[in-house]
Amino acid sequence: MYSIGVDIGSTCAKLAVLEDGQELAFHTVMPTGWSSGNTAQAILDLLEERGFQGAPCVATGYGRRNVPYAQKAVTEITCHAKGGGFLFGEGPYVLIDIGGQDTKIIAVSGGAVQDFLMNDKCSAGTGRFLEIMANTLCVDPARLCELARAGSGVSISSMCTVFAESEVISLIGSGASKEDIAFGVVDSIVNKVASQYGRLAGPGSACCLTGGLCESPYILEALSKKLGTPVRSSPLARYAGAIGAALIAYGENKR
Amino acid sequence: MCAYTLPPQFETFTQARREGFLKAMAIKEAGGHIAGTFCTFTPCELIDAAGVHPVSLCGMSQEPIPAAERDLPKNLCPLIKSSYGFAVSDTCPYTYFSDLIVGETTCDGKKKMYELLGQIKDVYVLQLPQGIQREQALEQWTGELRRFRSVLEEKFQVTITDEALREASILRNQIRQAQTGLMELQKLDPPPFSGLDLYRLLDGLGFSFDLHATLQKLADLTAQLRRDYDAGARPVPAGRKRILVTGCPIGGVLEKTVKVVEENGGVVVCFENCSGIKPSRYLVDTQAEDILTAIAQRYLRIGCAVMTPNTQRMELLPQLAEEFQVDGILDIELQACHPYTVERCMIKQLADRIGIPFLALDADYSQSDLGQLTTRIAAFLEML
């Protein structure tokens, strides 16, 4: 039996199809664009094309209420923890999800959420922050993360994205290298995430990263260093929410 | 007798509150007096005994905040900004009708706001002691009530007798007991009330002006709910997660907190905060020899975060969690409320100790955080 998880995030929409709640049969990612309703329709078209339509479906992410063909909407907190179970085992560990507009810190044990924290309305320490700084530097976010590895010495003190952007522009003006500025940007994100992590987790707790930044080796390194504990991830970790949603859909429909 | 005109924004208020405004206007037209209040620490018994009608002026709406921000900092508690904004823009009929506004030295934001408010209205501020464990706290607070008594006597040209204070205390006690009785129906499983309805009802009672009628209404309603429940009525489905709400006054953020809880599989069974159990449980000892001291004593039992240490909140919360069989504790705080947001950490430690899941939320009066609050609340309920 197939089950479908749709994770409509603020930046990207993720789709995961599971077979019998065990094998990942299909997964893909696309930009959410301006309308989560249109994105949901594009995903439905894709599901039909692949012959998965009609399978039980759970939606998550900030656009979760705009997926008319989902039987249920479940928050990304619960879905990430479920998906984390699929990717990293039942825990205990602390899951960090750096999303487009939210960063979530989730304490997972026995495959279930024990406690969680989210950033406030501000975008500091989120993917959006990184994206805006990458734009200012005329590179893509992945490239920014890799440039950061070769940089040092710059720190960006503003937590506010708008102020941080002017700080970056001043740095460019003063002739700082791209690498050094990139280092400052990543350092700022890692610091913000670390301070949230510290509010929920004891020192040295096992830690896993999900979300769009998990593909950057430098982010993993920088986070591990800052948190003082190795941060695990997986190439599929950006699909954790969608996989979790598909697992919930499977769990509620299996005979 | 003089005629009063209603402010232009009158039309925008809900029916129940509009009726309250008309009653307030009738009181004024008949030569009566109204005292605006902001807090559960206001000793209403004294105002009642002076023959003056107290009414709550706590601002619960975003609307007057821009007007307030001309004088107040942006990063301040929305309740303070809203309350001040209503006064400064002359848009709240109750503020408009108030002959006297009574405040207390509770949080820093409020007490400095009262100074500004004093420039446009007649404001009297009682000095509330904040370390109730000190021997002199009761003496000091009783002294404040004594002073307040003469202020009222002079302002309204009345004599406040001990008999009148005792009588007022008996009636206020009865109302508090009736409120407690109604709120404690929520101990039933499933409860007979949605938390949202309960809160709105309790909130609305404050605008009736006729305390005997309020008492009767509470008794009738409690009896009716009990009868309906015993006859099998179950307006709240079984199996909902039972939530206790604690923290700041939440009248201005009900829709994006309590309502969201109840739309996502929860039901608020207990409000520990200002309009809930915290102020209603403790009664005045009406038999006491010195009635003023007895009234003072009763107010010092309110476990507000302006007290340090606030041991009474720490003692009450576990009791309520047990009595109401709660599945989760929701600490709802208003933006920039220092007493409650700093105390949050200790409430979290307490929740961990008694093994009840805990979620803290910060909210202002805008709609901009609705999506994020909804995700947090829904995730919390999924976790339970």
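A few words on the environment of Asn310(B). Residues and elements named next belong to chain B. Turning to its location among the elements, Asn310 is positioned in the loop between α13 (291-299) and α14 (311-323). Spatially, the C-alpha atom of Asn310 lies 34 Å from that of Val236, the residues being 74 residues apart in sequence. Once residues within four sequence positions are removed from consideration, Asn310 is found in contact with Gly303, Cys304, Ala305 and Glu343. Polar contacts involving the side chain of Asn310 include one to the main-chain carbonyl oxygen of Gly303, which spans 3.3 Å.

With that settled, consider the side chain of Ser83(B). Residue and element names in this part refer to chain B. In this fold, Ser83 is placed in helix α4 (residues 78-88). Among the residues examined, Ser83 registers a relative accessible area of 2% and is labelled buried. Not counting residues up to four positions away in its chain, the partners in contact with Ser83 are Phe38, Leu57, Cys58, Gly59 and Met113.

With that settled, the discussion passes to the interface of chain A and chain B. Contacts between chain A and chain B engage 19 residues on the former and 18 residues on the latter. Across the chain A/chain B interface, buried area totals approximately 1300 Å², and carbon plus sulfur atoms make up 48% of it. Here chain A is connected to chain B by 1 salt bridge. With a closest N to O distance of 2.5 Å, Lys348(B) and Asp115(A) form a salt bridge.

Take the layout of surface pockets next. One number sums up the size of the second largest pocket: a volume of about 880 Å³. The wall of the second largest pocket is formed by 28 residues, among which Met118(A), Asp120(A), Arg199(A), Arg344(B) and Asp362(B) lie closest to the centre. In terms of residue count, strand β8 (residues 358-363) of chain B provides more of the lining of the second largest pocket than any other element does, 6 residues in total.

Bringing the packing of α14(B) against helix α15 (residues 338-354) of chain B into the picture now. All names here are of chain B. Across the interface, α14 lies against α15 with an axial gap of 11 Å and an inter-helix angle of 45°. Viewed along their axes, α14 and α15 adopt a mutual orientation that is oblique. Remark: the crossing between α14 and α15 carries right-handed chirality. Note on element contacts: α15 touches α14 through Tyr340, Glu343, Met346, Ile347, Leu350 and Ile354, opposite Arg313, Met314, Leu317, Pro318 and Ala321. Each residue belonging to the contact of α14 with α15 can be placed in one class, and the counts come to 9 nonpolar, no polar and 2 charged.

Moving on, we get to the domain arrangement of chain B. Residues and elements named next belong to chain B. According to the domain assignment, chain B consists of domain 1 (8-160) and domain 2 (164-383). The C-alpha-based centres of domain 1 and domain 2 are spaced at 22 Å. Counting residues at the interface gives 49 residues for domain 1 and 41 residues for domain 2. Across the domain 1 to domain 2 interface the summed buried area is about 3600 Å²; carbon plus sulfur atoms make up 70%. When the buried area of domain 1 at its contact with domain 2 is split by residue, Thr40, Phe41 and Glu45 rank highest and sum to 19% of it. For the pair domain 1 and domain 2, the interface holds 2 salt bridges. For Arg176, the salt bridge goes to Glu45, with nearest N and O atoms at 3.1 Å. Summed over the shared surface of domain 1 and domain 2, the result is 11 residue pairs in polar contact (both at pLDDT 80 or more).

Criteria and thresholds
Residues numbered from 1 in each chain as written. Chains lettered and ligands numbered in written order. Predicted model: local features only at pLDDT ≥ 70, side-chain atom pairs only at ≥ 80, totals over all residues. Heavy atoms only, no water. Helix = DSSP H or I, 4+ residues; strand = E, 2+ residues; numbered from the N terminus. Contact = heavy atoms within 4.5 Å. Polar contact = N/O pair within 3.5 Å; in protein donor to acceptor, adjacent residues only side chain to side chain. Buried < 20%, exposed > 50% of the residue type's maximum accessible area, 1.4 Å probe, protein only. Buried area = accessible area lost by both parts, 1.4 Å probe. Salt bridge = Lys/Arg side-chain N within 4 Å of Asp/Glu carboxyl O. 1 Å grid on protein atoms, 1.4 Å probe; cavity = no way out; pocket = protein on both sides within 12 Å on 5 of 7 lines; lining within 4 Å. Points joined across faces, edges and corners; volume = space filled by probe spheres on them. Axes fitted to C-alpha atoms, helices over the stretch in contact; angles between N-to-C directions. Parallel < 35°, antiparallel > 145°, perpendicular 65-115°, else oblique. Left-handed = near helix turned anticlockwise from the far one by under 90°. Nonpolar A, V, L, I, M, F, W, Y, C, P; charged D, E, K, R; others polar. Domains from an automatic or database assignment.

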